[in-house]
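Read off the chains here:
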Amino acid sequence: MDSSEGAPHHETPTLGNPDLPLEGEINTADDTAATVMDGPQNRVIESQFPNQIDSPPTDISTQPFFWSSFNISPRRVQRGGWAREITSADFHISDEIAGVNMYLEPGGIRELHWHQTAEWAVMTKGRCRVTTLSRSGLPSVEDVEEGDLWFFPAGTPHSLQGLGPVGAEFVLAFDDGAQSESNTLLLTDWFAHTPPDVLAKNFGVAQEVFTDIPLHNLWIFPGDEPGELERDQDASGVTWGAAEPIIFRLSRSEPLHQNSGGSIQIADSTNFPLSNTVAAALVTVEPGSMRELHWHPNADEWQYYLRGSARMTVFNTGPHANTTDFRPGDVGVVKRNYGHYIENTGDDVLQFLEVFKADKYEEVSLANWLAHVPPSLVSAHLNIPEEVLATFPRGTQGITPRRTA
Ligand code: MN
Ligand code: MN
C-alpha cells in the first residue's frame, strides 16, 4: 500500500515542529533578524555550549535546565582532601540523586561516619581503602581502584582512605537529592557531644580516656597510609565470605550491550545484590556513534560525564525538546520516561555513567519498540515505506554501531 496516502500535505518537507505557535530556528529561515543576539555575553562559556546557543532547529520551547557540573561547584578544601557537591538545592530537577566529587590525598581519611541515605560511588582515579560494618554486624575492608563501585545501604557506618601514589578521586551518588556531604553523622561529633561519664560507662573505661578527643569534627583529615590490606582485614575481624560484597568491579563486568559503536555495562541488584536502591550503567561511545533514542520507565537518570564530549536532547510532552552539551565533570538529569539520546560529538571516546534510584536497570529502546509493532502501523504514522522500516534495527542496540562509509 502507498503509505503516504492521507498524510498531511507539506509544500516543502521539513523536520519537526508542526505545532503552533511557531518556535525554533526551523521557522526563521526567512526571518534571520529573529536570531540576532548581541547583548552582554560571555564568549568563553558560550563556546562550551554550541548546541545550546545555536540549538538544533528541531528544538522547541524550554524546560527546567537538565545540565549542571562539578566544574562550577564550590570546593570544600581541608588538609587531607576536598569535596564538592551538587544537591537538589543547587540543581532543582535532581531530586532523586545528590552527587559528590571527592579527593583524598595518599593517607587522607574521610572520617568514620554514616548517613540517612544509601551511598553509591564510582572510583575515577587512584586507589581507596573502604571500611564498613554491615547491618548484620559483619565487617568489610576492601581496596578499590578506577572503575570499581561501592555501595552502602542507608545507615551503614563507613570510612574512606586515599592510597598511594596519587590518592583517590571518586564520585558519590546519594539516593536522595537533598543529601549533602556536609550533613552526615560523624564519629568525632558524637564523641564530643556525649557526656564523658556516659562514654566511660559505655566503653567500660575511666572518663580520663576521653580527655584528648577532638572538640570539632574532622570530616576529612590527613593520615598515614595504611599497610597491607590483609593486615587491616585481620585487625578488623573480617571473615572471608561472611559479609555481602560492598564493592563491584563495574569496568571489568560483562557488557549488557556491545558492538562497534561502544558498550553498556550494568551494576544493579541482579549482579550486585547489595545495591538495591541504586542501579547504574557505564556507557562507552566511540566517535561518530550514539547512545540510541530511549527512555527509562522506573527512575530519573543522573549522569556523570567521565571523558569526551556529548550532546543530549531531552524530549517531553508539550512538545518540549532541548539540546545541550556535556564535558568531563558535568552532570545531567533526565526525568523518568523523557525521551533522550546522547551523541558523541568529539574525536575521542565518550564515557559517562547513568545512575538511577532503582533496584534494577530498565530502559525502553525506541528502535526495539518500533521493531515490535506491525510495520503497517508504523508506516501509517511516519510515512516511511514498510520495506525501509524493515532495515531499521530489530531490537535494542544500546549504542548505534559505527557506520562503515
Ligand atoms: Mn558517606
Ligand atoms: Mn538513558
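All of these numbers come straight from a predicted model, not from anything done at the bench. In this numbering scheme, every chain counts its residues from 1 along its sequence in written order. Note on labels: chains are lettered from A, ligands numbered from 1, in written order. For this predicted model, a pLDDT threshold of at least 70 governs which residues receive local features, and a threshold of 80 or more governs which side-chain atom pairs are given and counted, while totals over whole chains, interfaces and linings are taken from all residues. With hydrogens and water excluded, all non-hydrogen atoms of the structure serve as input to the side-chain values.

In this section: the coordination of the manganese ion (ligand 2). Atoms of type N, O and S within 2.8 Å of a metal are treated as its donors, and for Na, K and Ca the window is 3.2 Å; water is not considered, so some sites may appear to be missing partners. The protein atoms that coordinate the manganese ion (ligand 2) are His294 (NE2), His296 (NE2), Glu301 (OE) and His340 (NE2), at distances of 2.0 to 2.2 Å. In primary-sequence terms, the residues that donate to the manganese ion (ligand 2) follow H-x1-H-x4-E-x38-H.

Side-chain atoms within 4.5 Å link the members of a nonpolar core, which is a set of buried Ala, Val, Leu, Ile, Met, Phe, Trp, Tyr and Cys residues. Any residue under 20% of the maximum accessible area for its type is buried, any over 50% is exposed, and the rest in between are partly exposed; the area is computed with a 1.4 Å probe on protein chains only. Counting residues in each nonpolar core, the largest one holds 71 residues, and the members touching the most others are Trp120, Trp150, Phe170, Trp302 and Val355. In terms of residues, this core owes the most to one element, strand β9 (residues 158-174), which gives 7 residues. Discounting chain neighbours no more than four positions away, the residues touching Phe170 are Val100, Asn101, Met102, Leu104, Val122, Met123, Thr124, Cys128, Trp150 and Leu160. Starting at the N terminus, helices and strands are each numbered in turn, a helix being any DSSP run of H or I of at least four residues and a strand any DSSP run of E of at least two. Only heavy atoms matter for contacts: two residues are in contact if any of them lie within 4.5 Å across the pair.

A few words on the pairing of strand β17 (residues 301-307). Here β17 lies mainly inside the structure; 5 of its 7 residues are buried. A pair of strands is treated as paired once DSSP finds two or more bridges between them. For β17 and strand β20 (residues 330-334), the ladder comprises 4 bridges, and the chain directions are antiparallel. Bridge pairing links Glu301 to Val334 in β20.

At this site the manganese ion (ligand 1) is bound by His113 (NE2), His115 (NE2), Glu119 (OE) and His158 (NE2), with donor distances of 2.0 to 2.3 Å. In the primary sequence, the donor residues of the manganese ion (ligand 1) line up as H-x1-H-x3-E-x38-H. Here His115, found in the loop between β5 (109-114) and β6 (119-133), pairs with His158, found in strand β9; they are 43 residues apart in sequence, far enough to count as distant. Each member of the pair His115 and His158 is classed as buried.

We note that the domain assignment places domain 1 (25-67), domain 2 (69-248) and domain 3 (250-389) within the protein chain. Residue ranges assigned to the domains are those given by an automatic or database domain assignment. If you average the C-alpha positions of domain 1 and of domain 3, the two centres end up 25 Å apart. Facing the 16 residues of domain 1 at the interface are 19 residues of domain 3. Between domain 1 and domain 3, a total of about 1,500 Å² is buried, with carbon and sulfur atoms accounting for 46% of that surface. Summed over the three residues of domain 1 that lose the most area to domain 3, namely Gln63, Phe66 and Trp67, the buried surface amounts to 44% of that side. Here, a salt bridge means any Lys or Arg side-chain nitrogen found within 4 Å of an Asp or Glu carboxyl oxygen. Between the two partners, domain 1 and domain 3, sit 0 salt bridges. N or O atoms within 3.5 Å of each other form a polar contact, as long as, within protein, one can give a hydrogen and the other can take it, and as long as residues adjacent in sequence are counted only when both atoms are side-chain atoms. Counting across the interface, domain 1 meets domain 3 through 14 residue pairs in polar contact (both at pLDDT 80 or more). Sort the elements by how many residues they give to the side of domain 1 that touches domain 3 and helix α2 (residues 50-53) lands first, with 3 residues. Under the scheme applied, nonpolar residues are Ala, Val, Leu, Ile, Met, Phe, Trp, Tyr, Cys and Pro; charged residues are Asp, Glu, Lys and Arg; polar residues are all the others, including Gly. Partitioned by chemical class, the residues of the side of domain 1 that touches domain 3 number 7 nonpolar, 8 polar and 1 charged. The term buried area denotes the loss of accessible surface (1.4 Å probe radius) that occurs when two parts are joined, taken as the sum for both partners.

Let us now look at the environment of Ser136. Locating Ser136 in the fold gives a position in the loop between β6 and β7 (139-145). Assessed through its relative accessible area of 60%, Ser136 is described here as exposed. Measuring from C-alpha to C-alpha, the distance between Ser136 and Ala243 comes to 8.3 Å, with 107 residues separating the pair along the chain. Only 3.1 Å separates the side chain of Ser136 from the side chain of Ser134, close enough to count as a polar contact.

The next thing to look at is a nonpolar patch on the surface. A surface patch of nonpolar side chains, about 260 Å² in accessible area, is lined by Phe203, Val205 and Val209. Positionally, Phe203 belongs in helix α4 (residues 196-203). Judged by its relative accessible area of 45%, Phe203 is partly exposed. Residues forming no salt bridge and having over 30% relative accessible area are the ones grouped into patches, like charges within 9 Å of each other and nonpolar side chains (Val, Leu, Ile, Met, Phe, Trp, Tyr) within 5 Å. Each accessible area value is a Shrake-Rupley result obtained with a 1.4 Å probe; residue values ignore everything except the protein chains displayed when judging cover.

With antiparallel pairing, the 5 strands of this open sheet are ordered in space as β19-β18-β21-β16-β23. Each edge of the open sheet is held by one strand with a lone partner, namely β19 (320-326) and β23 (364-365). In terms of strand pairing, strand β16 (residues 290-295) meets strand β21 (residues 339-344) through 3 bridges, oriented antiparallel. Across the sheet, the residue bridging to Met290 is Glu343, located in β21.

Our focus in this paragraph is the packing of aromatic side chains. Only the six-membered ring of Trp is used, alongside the rings of Phe and Tyr, when aromatic pairs are assigned; centres must lie within 6.5 Å, and planes under 30 degrees apart are stacked while those over 60 apart are edge-to-face, with the rest tilted. This model, assessed by the stated rule, comprises 15 aromatic pairs. Measuring from ring centre to ring centre gives 6.0 Å for Trp295 and Trp369, while their planes differ by 90°; the resulting arrangement is edge-to-face. With Trp295 in strand β16 and Trp369 in helix α6 (residues 366-370), this residue pair connects regions lying 74 residues apart in the sequence. An aromatic cluster is built from Phe49, Phe65 and Trp67, whose rings are joined through pairwise contacts. Taking NZ or CZ as reference, Arg75 lies 5.1 Å from the ring centre of Trp82, over its face. Criterion for a charge above a ring: Lys NZ or Arg CZ within 6 Å of the ring centre, and within 35 degrees of the ring normal. Its end group placed over the ring of Trp219, Arg76 keeps NZ or CZ at 3.4 Å from the ring centre.

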